[in-house]
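Given next are the chains, with one letter for each unit.
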Amino acid sequence: MTKSACVLGVDLGTTSVKACLVDVKTQQIVASQKKDTYSDVPSELGSDGNKQDVGRIISAVQLCISRLPRDQLRRVVKIAVCGQMHGCMMWKQGDAWFQKQDMDRLVFYYCLSIYEIEIRYETKTVSHLYTWQDSRCSPEFLASLPTPRSHQALASGYGCPTLLWFCKYRPNDLTKYDRAGTIHDFFVAMLCGLDHPVMSVQNATAWGYFDAAAKEWNTELLAEAGLPLQLLPSVVTSGEVAGQLAAPWYAIPKGTPVMASLGDLQCSVLPLLSAPDVAVINISTSAQLCFELPKSYVPESEPPSASQTTECMPFMGDSYLSVAASLNGGNALAAFVRTLQHWALDLGCQVPQSKIWERTLALGAACTDEPENSPASARGCSVEKDSPTSDLAMGGMGGHESIMVINPTLFGERHAPEVNGSVRNIHCGNLKLGQVMRALCKGIVANLHSMMPRSVLQAAGVTRIVGGGSALTRNPLLLEELQALYKLPVTLDSRGDAAFGAAVAAIKSGVEGKHK
């Protein structure tokens, strides 16, 4: 067990939270905890809305912290937080949180004759978290907004458009609050007792209406559009400290520096970008493929005139990533598994999702590319490997006409929000469950390939891909399809973890002092 200083990395993800302690000297994880949040809340907008319960998320992350070794928590010299990007929440300053004794921990220590009081935080006057998956901002509404002075185009689920939507359609709801930020900005403000939230350049850019080159909000445009400017967080360079821990927290000393929160994508990528010829793919709830741009890259002052399948996101320091960020990844697979479970219930059978995952992945792995009794096999026909038919049109099938083609865009895409998912080339020879599962995995990879094809990676000098993310590491079918379509070496690296990456970012930015 390490005796040296540690950094605490925390990731507030879309479906789960994770906390890990990383040794400052070795940059190795010495302890970690993860918990699903089960925080989704039904939206009054139906499928157009996507919101989560902030209190459940904050409770889940504190439960993770409470389960980390206490003697190692005492050695924490810096806290780094990251989380799901783009989304926003609001709160009332001075009435948003309060401290409370953790009675479960108090009883535990009393039984050991250790009289220490644990403090936890509870939320009070806060809104729901409106996540990156929220689609209340229709294309028509987005088109009615002023054009931002930023290289970042607007999309539904982004913080500033969501706030402007509330200004127009729910102004009374907005008057209840005087602060706004991502949920990880709120978490940092709560830990540090900040009067005003502090946001990193990474998260500010992901909100929209932020000039990344000048590092400032488009305040004139936002004020003209009716946004109360007091809602906007202060912005600092990614990697800077936002404040200090306001009180001892699960044995972490008061005064411990807390970094301004970072984006989960950037933190997932940081440990994996080991060389200029590396691209990183992360498939978790959503899916992203990215590589680092040359140091000379400077973002434009206006968004592109036409929709783009890739975007440039601030990385560490003044560097940028070229990113294909798909809204469809593990969430599309999870929707398929839930559908199977519901079908089974309709038939009078109860099957746990874990069993469905296990069985569908096994059946998919056993499938061959050429279904039995397929029309192509029966006719003895095939498609030439060099056919002009695109990978997207064929769903990454490599020319096999007989394979079911699934376009998995259940959640649309930012460059094409009106697009829905679709299935084609269905016949009686490709309806087995394993064939459908494999086709879905093919479709997820093919959709990402349509956004950032192999040719783009080659032009950037990329020679290999490093993969991470819970969906990719648990699903060998995705890995197989990724290798088949990109035709580049692909390796998995367990370090592609946002909580760990946040801790690494904190170490790289410098830790103040050493544990004694």
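Just so you know, these numbers come straight off a predicted model, no measurement behind them.

Draft legend 1. Inspection of the sheet that holds strand S5 (residues 51-52) at higher detail. With respect to topology, three strands assemble into an open sheet ordered S4-S5-S10, the strand pairing being antiparallel. Of all strands in the sheet, those with a lone pairing partner are strand S4 (40-41) and strand S10 (129-130), marking the two edges. Two strands pair when backbone bridges link them, and S4 and S5 are joined in this way by two bridges, in the antiparallel orientation. Note that in S5 the partner of Val41 across the bridge is Lys51.

Draft legend 2. Structural context of the pairing of strand S21 (residues 311-314). Burial of S21 is two-sided: the residues Glu311 and Met313 facing one way and the residues Cys312 and Pro314 facing the other way are all buried. In this sheet, strand S22 (residues 320-326) lies alongside S21 in antiparallel orientation, the contact comprising four bridges. Considered in S22, the bridge of Pro314 is made with Tyr320. In textbook terms, the turn of a hairpin is the stretch between consecutive antiparallel strands, and for S21 and S22 this stretch comprises five residues, one of which, Gly317, has a positive phi near 65 degrees.

Draft legend 3. Representation of the side chain of Ser4. Here Ser4 lies in the segment before strand S1 (6-12). According to the relative accessible area criterion, Ser4 is buried, its value standing at 15%. A polar contact of 2.5 Å, which involves the side chain of Ser4, links it to the side chain of Asp23.

Draft legend 4. Geometry of the packing of helix H11 (residues 330-346) against helix H12 (residues 353-366). Two elements in contact, H11 and H12, have axes whose closest approach is 10 Å; the angle formed by their N-to-C orientations is 115 degrees. Here H11 is positioned roughly perpendicular relative to H12, judged by the angle of their axes. At the point where H11 passes H12, the crossing takes the right-handed sense. Together, Leu333, Ala334, Val337, Arg338, Leu340 and Gln341 of H11 and Gln353, Ile356, Trp357 and Thr360 of H12 make up the contact between the two elements. The residue inventory of the contact of H11 with H12, partitioned by class, reads six nonpolar, three polar and one charged.

Parameters and conventions
- Sequence order as written defines residue numbering, which begins from 1 separately in each chain.
- Totals for whole chains, interfaces and linings use all residues, but because this is a predicted model, local features are given only for residues with pLDDT of at least 70 and pairs of side-chain atoms are given and counted only at 80 or more.
- Excluding hydrogens and water, the side-chain figures rest on all heavy atoms present in the structure.
- Any two strands between which DSSP finds at least two bridges are classified as paired.
- Starting at the N terminus, helices and strands are each numbered in turn, a helix being any DSSP run of H or I of at least four residues and a strand any DSSP run of E of at least two.
- The cut-offs for exposure are 20% and 50% of the maximum accessible area for each residue type, with area from a 1.4 Å probe on protein chains only; residues under the lower value are buried, those over the upper are exposed, and the others partly exposed.
- Two N or O atoms form a polar contact when they lie within 3.5 Å of each other; inside protein one atom must be a possible hydrogen donor and the other a possible acceptor, and for residues adjacent in sequence the pair counts only when both atoms belong to side chains.
- Interaxial angles span 0 to 180 degrees and are taken between N-to-C directions of axes, which are lines fitted to C-alpha atoms, for helices over the stretch in contact.
- Relative orientations are named as follows: roughly parallel for angles under 35 degrees, roughly antiparallel for angles over 145 degrees, roughly perpendicular for angles from 65 to 115 degrees, and oblique for any other angle.
- Left-handed describes a crossing whose near helix is turned anticlockwise from the far helix through less than a right angle; right-handed describes the clockwise counterpart.
- Any pair of residues with heavy atoms lying within 4.5 Å of one another is described as a contacting pair.
- Throughout, the ten residues Ala, Val, Leu, Ile, Met, Phe, Trp, Tyr, Cys and Pro are labelled nonpolar, Asp, Glu, Lys and Arg are labelled charged, and all others, Gly among them, are labelled polar.

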